[in-house]
Every structure is written in C-alpha cells, then in structure tokens.
Amino acid sequence: MAPLFRYQWYRLVSQYADLPHTYKRSDNAPLTLRRYSERGSQWDVSNSYHLKHSHYKAVARPVGMGTSPISSKATLASWESLRLDNLALRSLPIDSSKVNVPRQVPGACFSMVRPTPVENPQLVAFSAPALALLGLVSEDANQWEELISQYFSGNKLFPGCEPAAHCYCGHQFGNFAGQLGDGAAMYLGEVINDQGERWEIQLKGAGPTPYSRQADGRKVLRSSIREFLCSEAMFHLGIPTTRAGTCVTSDSVVLRDIFYDGNAKSER
C-alpha cells in the first residue's frame, strides 16, 4: 500500500448538478492526491497516481495555499485526533446498498465500503514532506513505522474516517466504457491541517469494492514502488501531480501474470 497526497483548490456546492465532473485514471496506480485548480469557470483535474496491492497508497487534496511542514512530534494521540471533515460525502449522493460485490450502482457517486485487512503489514517507504501536509511529523522512527503500517494498510482507521469507493465513468481504448469506478482504491476522508488546507486521503490496493469487476482490489509491490517514486519525483520537478505519502507491503499475496504469458505467479 502507499498513501499519496494531492493538493487541490477544492470546492463543493450543495447541489450535485452544479458540481464539476472529475475524471480519474483507470489504470493500476497507487494511492494519490488530486489537484484541482479553478480558472474562471474551468476546472483542471490533474492525473492521480496511486500505490498498489497489499500495498496501499493514500491520497490527499488540500484547499488553500502553503505546504510548510508542521513541527510538532507525531504521537499516537495526534494520529487519532486528525481533523476530518468529509465534505464530499456530505455533498454527493451515496449508494443506498451496502453490499460489497461487483454490481451496477445507479444514481450515486460513492459506495461505502471498508478496506480488507492484510496480514502483517510492513512499511516499505514514506515521504516525510507529504505526511507533514497532514500534520504528521515524528522523530521516533520505530513509532512512526508501526503507525504507518497499521493506518496506511487499512488495518486501522483514523477516527472520523468514512471509507468509500468513487463511482465514475469514462472512455477506454477509444470507446465509452460505461460505469468504471474505484476498483482498488478507497476514499478515507478529508483532513484539514493547521494551515487550513483540505487534503483528501485515498488508499490504493485496499481490497474489493462494487467497482472491482473481476479483480481482487489489490496492488503489487513492484508497481507500487514505481508509482510512489514517480509521484514524488514529478512533484519535486515542478510538475502538478499527486503526492505519495507511504508505501506499505504485507504477507498477503495475489496472483499476477507479470509477463502476460499465461504463467501467473503469487507475489506480494
């Protein structure tokens, strides 16, 4: 797993019909952040990168300016007292069904679903500057590793988290594909940090959702590492993108046909 964070000018209005449409990548990527900017009446949505498998990536989007790290030490108390204000879920229609099986979801933007726990989550990497956007900073490496591996694997949830999968549609291979949606990613909630920025946290590789179709909702380590590194590299090159918060693996395994030659193998 890997958490990614993205900065955005984030505006939601009370009427669903007035909301701008948002589009996401349909390929396998890690957890990410999306950046929204308003130019007059136009909305620009940057591509979001996500992290994978029993690897997850979290995404965050802030509203406002300024990304200076917060100097306070992260303790268990601070992780459990993040300010969550889940504006998207209050403003957009929610799926009335709680059944977590692949299905059509009419008239809703989100389906409420919880991450599927993984076995023995372990921290692979994290971006301190990205996590600082949420107000999470620590000098205790051991404590930091334990907290990240639990909270950013989906095995534990922050108080106030409301996990949900986003329903959307779009084109694939030149044709309109109808209902798509977050088949491996989950919205966890929106954090408002000490600078007043609003960040959405998203977990990629969190397990099956109503939009997983025939997939398992997991992401593998090799691609999660690649997308984690690319997301942070793009940001530091000055390219508008999401931010990668963490990459977490586990002892859970999935089957993947790495070379697309019909020889699927188990991998983390």
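Small disclaimer: the values here were computed from a predicted structure and weren't measured.

(A) Seen up close, the overall build of the chain. Along the backbone of the chain there are 5 helices and 14 strands. The buried share of the chain, taken over its 268 residues, is 53%. Contacts spanning at least 24 positions in sequence make up 75% of the contacts within the chain whose residues lie at least 6 apart. Summing over all exposed atoms, the chain offers an accessible surface of approximately 12,300 Å²; the carbon and sulfur share of this is 53%.

(B) Focus on the nonpolar core. Judged by nonpolar contacts, the single largest core of 28 residues is most densely connected at Trp79, Leu136, Ile148, Phe152, Phe158 and Ile201. Broken down by element, this core gets its largest block of residues, 4 residues, from helix α4 (residues 141–151). Counting residues in hydrophobic clusters, the runner-up holds 7 residues, among them Ala88, Leu92, Cys109 and Ala164.

(C) Here's a closer look at the pairing of strand β7 (residues 169–172). Two elements, β7 and strand β8 (residues 175–179), share 3 bridges in a ladder whose sense is antiparallel. Note that in β8 the partner of His171 across the bridge is Phe176.

(D) Examining the pattern of salt bridges more closely. In this structure the tally under the stated criterion is 8 salt bridges. When the shortest N-O distance is used, the salt bridge between Arg103 and Asp95 registers 2.6 Å. Among the residues examined, Arg103 registers a relative accessible area of 18% and is labelled buried. Judged by relative accessible area, Asp95 falls into the buried class, the value being 6%. Among the ionic pairs, Glu232 bridges to Arg243, the shortest N-O distance being 2.8 Å. Here Glu232 is found in helix α5 (residues 221–236), whereas its partner Arg243 is found in strand β11 (residues 243–244), with 11 residues between them in sequence.

(E) View of the packing of aromatic side chains. Scanning all chains against the criterion turns up 4 aromatic pairs. Between Phe152 and Phe158 the ring centres are 5.9 Å apart and the planes differ by 70°, which places this aromatic pair in the edge-to-face class. With respect to class, Phe152 is no different from Phe158; both count as buried. Put simply, the rings of Tyr151, Phe152 and Phe158 touch in pairs and so form one group of aromatic residues. For Arg243, the ring lying beneath its charged end belongs to Phe235, and the centroid distance is 3.7 Å.

Rules of the game
- Residues numbered from 1 in each chain as written.
- Predicted model: local features only at pLDDT ≥ 70, side-chain atom pairs only at ≥ 80, totals over all residues.
- Heavy atoms only, no water.
- Helix = DSSP H or I, 4+ residues; strand = E, 2+ residues; numbered from the N terminus.
- Buried < 20%, exposed > 50% of the residue type's maximum accessible area, 1.4 Å probe, protein only.
- Contact = heavy atoms within 4.5 Å.
- Areas by Shrake-Rupley, 256 points an atom, 1.4 Å probe, with all protein chains shown as cover.
- Core = buried A, V, L, I, M, F, W, Y, C linked by side-chain atoms within 4.5 Å.
- Pairing = 2+ DSSP bridges.
- Salt bridge = Lys/Arg side-chain N within 4 Å of Asp/Glu carboxyl O.
- Phe/Tyr/Trp six-rings, centres within 6.5 Å; stacked < 30°, edge-to-face > 60°.
- Lys NZ or Arg CZ within 6 Å of the ring centre and 35° of its normal.

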